[in-house]
Amino acid sequence: MKEPQQLETRYGKQIKVHTLGVRAQEKLSLASCAIIGMGALGSAIADQLVRAGIGYLRIIDRDFVELSNLHRQTLYDEQDAEQFMPKAIAAAHKLRRINSTVNIDPVIADVHAANIEQLLDEVDIIIDGSDNFTVRYLINDYSVAHRKPWIYGAVVGTSGSSATFIPSLTPCFCCLFPEPPELGAVDTCDTAGVIGPIVQMIASIQATEALKLASGQQEHCNKQLIQLDSWTMQLMKLEIAQAQQATCACCGQGNYQWLKQPEEFSSTSLCGRETIQLTLAKPLSMTLEQLQEHFSRAYEVKVNRYLLKVKFSDQINVIFFPDNRIMIQGTEDVDYAATLTKKLVEI
Ligand SMILES: [Zn+2]
């Protein structure tokens, strides 16, 4: 049953907050926002924005719900995992029951250079729920090129970080991190795990930033890199150097290299073998030995001089070859193979 439409009735306690008010709530109800990645951060942010009364929310995700998601991805349940529900669809179903007045637009897609404009051109605010450096550089290029703000967030272990990037008002993500980290140089949720509470803490910071932007208060946004450890309760705020901006390839020089990336790989189905082969457009940055060290922290790994075999699950093996080829055994689904490969090597 729909609740009364009057903003005062539904959002009275929120409107009472001195930084908001009826005018801000009206702006919120007209704002459009996209969340890229509906995993732990994305689902927690979506929950908050939908309850707060954002006007339009596009939720984009390439993955489906698994049992191992449920300890931290709060929009999903066991039934979603049993049914292999795409996260975008499962999330939309829950979010519409939370607030039927919000226009929720689920998209099952992998965001890449060829589709990012189509996916984001209709929205004003972009929120990162990706936990993936490649996607963040792509979002950043798009943000600077199209002068739209985006809100970065990342979590691993017990800690997380966030920053808000507003073209012409702040430095950009590329000013902060000019180069992506080497594979294995930073911990991920696969290698170091993650606890639910830090997800909610960082998601809450991102959602608050989105409320500021959506209610027309960008001057109050966080312009620093925030790093928070939920276990030690250490909070650090780091200035993002303006001085680097002139030399920044993205916001300083307008070289949007991530928007110009070629196709990441070509794929072949190996007939009768339940195997997909992907040929990468550019080589992985690590040797087989380095990959072995990286993956052996989370998976059963076998290696010889010709290949590296990672046992991803009882059904799926992923095999890396030194000549930029990756085979995914146990599936004939190219999209699944591509998604899994991206998840493993962040290409
Ligand atoms: Zn920059």
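It should be emphasised that the depicted structure is a prediction, and the values quoted were computed from it without experimental measurement.

Novice: In this structure, what is going on with the sheet that holds strand S5 (residues 150-156)? I would like to understand it.
Specialist: Pairing between the strands of a sheet is mediated by backbone hydrogen bonds and can be parallel or antiparallel. Read across the open sheet, the eight strands follow the order S3-S2-S1-S4-S5-S6-S7-S8; overall the sheet is mixed. Only two strands of the sheet have a single neighbouring strand rather than two, namely strand S3 (103-108) and strand S8 (234-239). Neighbour-to-neighbour, the strand axes of this sheet turn through a mean angle of 15°, independent of strand direction. Together, strand S1 (32-36), strand S2 (56-61), S3, strand S4 (125-128) and S5 form the strand contacts of helix H3 (residues 40-52), whose direction differs from that of S1 by roughly 160°. Across the sheet, helix H5 (residues 87-98) is in contact with S2 and S3; its angle to S3 comes to roughly 165°.

Novice: So what exactly am I meant to see when it comes to the domain arrangement of the protein here?
Specialist: A common way to express how large an interface is: the accessible area buried when the components associate. Its domain assignment divides the protein into domain 1 (7-260) and domain 2 (265-345). Opposite the eleven residues of domain 1 that make contact, domain 2 presents 13 residues. Carbon and sulfur atoms supply 50% of the area that domain 1 and domain 2 bury against each other, a total of about 1,200 Å² over both sides. Where domain 1 meets domain 2, there are zero salt bridges. The interface formed by domain 1 and domain 2 holds zero residue pairs in polar contact (both at pLDDT 80 or more) in total. Residues of the side of domain 1 that touches domain 2, tallied by class, amount to two nonpolar, two polar and seven charged.

Novice: Is there a simple way to explain the coordination of the zinc ion in this structure?
Specialist: Any two of four tetrahedral donors ideally make an angle of 109.5 degrees at the metal, while pairs among six octahedral donors ideally make 90 or 180 degrees. Surrounding the zinc ion are the protein donor atoms Cys172 (SG), Cys175 (SG), Cys248 (SG) and Cys251 (SG), which sit 2.3 Å from the metal. Going along the chain, you hit the donors of the zinc ion in the pattern C-x2-C-x72-C-x2-C. Taken as a pair, Cys172 in the loop between strand S6 (159-165) and helix H8 (173-176) and Cys248 in the loop between S8 and strand S9 (265-270) lie far apart in primary sequence, 76 residues in all. Here Cys172 matches Cys248 in class, with each residue buried.

Novice: Is there a simple way to explain the pairing of S6 in this structure?
Specialist: Strand residues, when the strand is regular, have side chains that alternate between the two faces of the sheet. Counting buried positions along S6 gives six out of seven residues, so the element sits mostly inside the fold. Here S5 runs beside S6; their pairing, made up of seven bridges, is antiparallel. Its bridge partner being in S6, Tyr152 is matched across the sheet by Ala163.

Novice: Sorry if this is basic, but what is going on with helix H2 (residues 22-30) here?
Specialist: Three- or four-residue spacings in an α-helix give side chains the same orientation, since the helix completes a turn every 3.6 residues. All buried positions along H2 are accounted for by Ala24, Gln25 and Leu28. Considered in projection along H2, the buried side chains sweep an arc of 100° and stay on one side of the axis. Facing away from the buried side of H2, by more than 90 degrees, are the exposed residues Arg23 and Leu30. In the core, the buried residues of H2 are packed alongside helix H1 (7-16), H3 and helix H10 (196-214).

Novice: Please explain the side chain of Gln224 as it appears in this structure.
Specialist: One can find Gln224 in strand S7 (residues 224-229). Within the structure, Gln224 has its side chain in polar contact with the side chain of Glu239 (distance 2.7 Å). In this structure, Gln224 is in contact with Ser162, Ala163, Lys237, Leu238, Glu239 and Ile240, ignoring residues within four places of it in sequence.

Novice: Honestly, the nonpolar core in this entry has me stumped. Any pointers?
Specialist: Proteins that are soluble and globular tend to have nonpolar side chains buried together. Counting 42 residues, the largest nonpolar core has Leu49, Ile54, Leu57 and Ile127 as its most contacted members. Broken down by secondary-structure element, the contributors of at least two residues to this core are S1, H3, S2, H5, S4, S5 and H10. Residues in contact with Leu57, not counting those within four places in the same chain, are Cys33, Ile35, Ala46, Leu49, Val50, Asn103, Ile104 and Asp105. Of all hydrophobic cores here, the second largest spans 34 residues; its members include Ile36, Val107, Val135 and Cys250.

Novice: Sorry, what's going on with the side chain of Ser32 here?
Specialist: Within the secondary structure, Ser32 is located in strand S1. Judged by relative accessible area, Ser32 falls into the buried class, the value being 9%.

Novice: How should I be thinking about the environment of Leu57 in this particular structure?
Specialist: Mapping Leu57 onto the fold places it in strand S2. Taking the C-alpha atoms as reference points, Leu57 and Ser267, 210 residues apart in sequence, are found 33 Å from one another.

Novice: Even after reading the chapter, I still don't get unusual backbone geometry, so can you show me in this structure?
Specialist: Negative phi is the rule for most residues except glycine; trans is the rule for most peptide bonds. In this model, Arg147 sits at a positive phi of 55°, which is unusual for a non-glycine residue. Mapping Arg147 onto the fold places it in the loop between helix H7 (133-146) and S5. The exposure class assigned to Arg147 is exposed, which follows from its relative accessible area of 58%. At Ser168, a position not held by glycine, the phi torsion is positive, near 75°. Mapped onto the elements of the fold, Ser168 is located in the loop between S6 and H8. The exposure class assigned to Ser168 is exposed, which follows from its relative accessible area of 63%.

Rules used throughout
- Residues numbered from 1 in each chain as written.
- Predicted model: local features only at pLDDT ≥ 70, side-chain atom pairs only at ≥ 80, totals over all residues.
- Heavy atoms only, no water.
- Pairing = 2+ DSSP bridges.
- Helix = DSSP H or I, 4+ residues; strand = E, 2+ residues; numbered from the N terminus.
- Axes fitted to C-alpha atoms, helices over the stretch in contact; angles between N-to-C directions.
- Contact = heavy atoms within 4.5 Å.
- Domains from an automatic or database assignment.
- Buried area = accessible area lost by both parts, 1.4 Å probe.
- Salt bridge = Lys/Arg side-chain N within 4 Å of Asp/Glu carboxyl O.
- Polar contact = N/O pair within 3.5 Å; in protein donor to acceptor, adjacent residues only side chain to side chain.
- Nonpolar A, V, L, I, M, F, W, Y, C, P; charged D, E, K, R; others polar.
- Donors = N, O, S within 2.8 Å, 3.2 Å for Na, K, Ca; no water.
- Buried < 20%, exposed > 50% of the residue type's maximum accessible area, 1.4 Å probe, protein only.
- Arc of directions from axis to C-beta.
- Core = buried A, V, L, I, M, F, W, Y, C linked by side-chain atoms within 4.5 Å.

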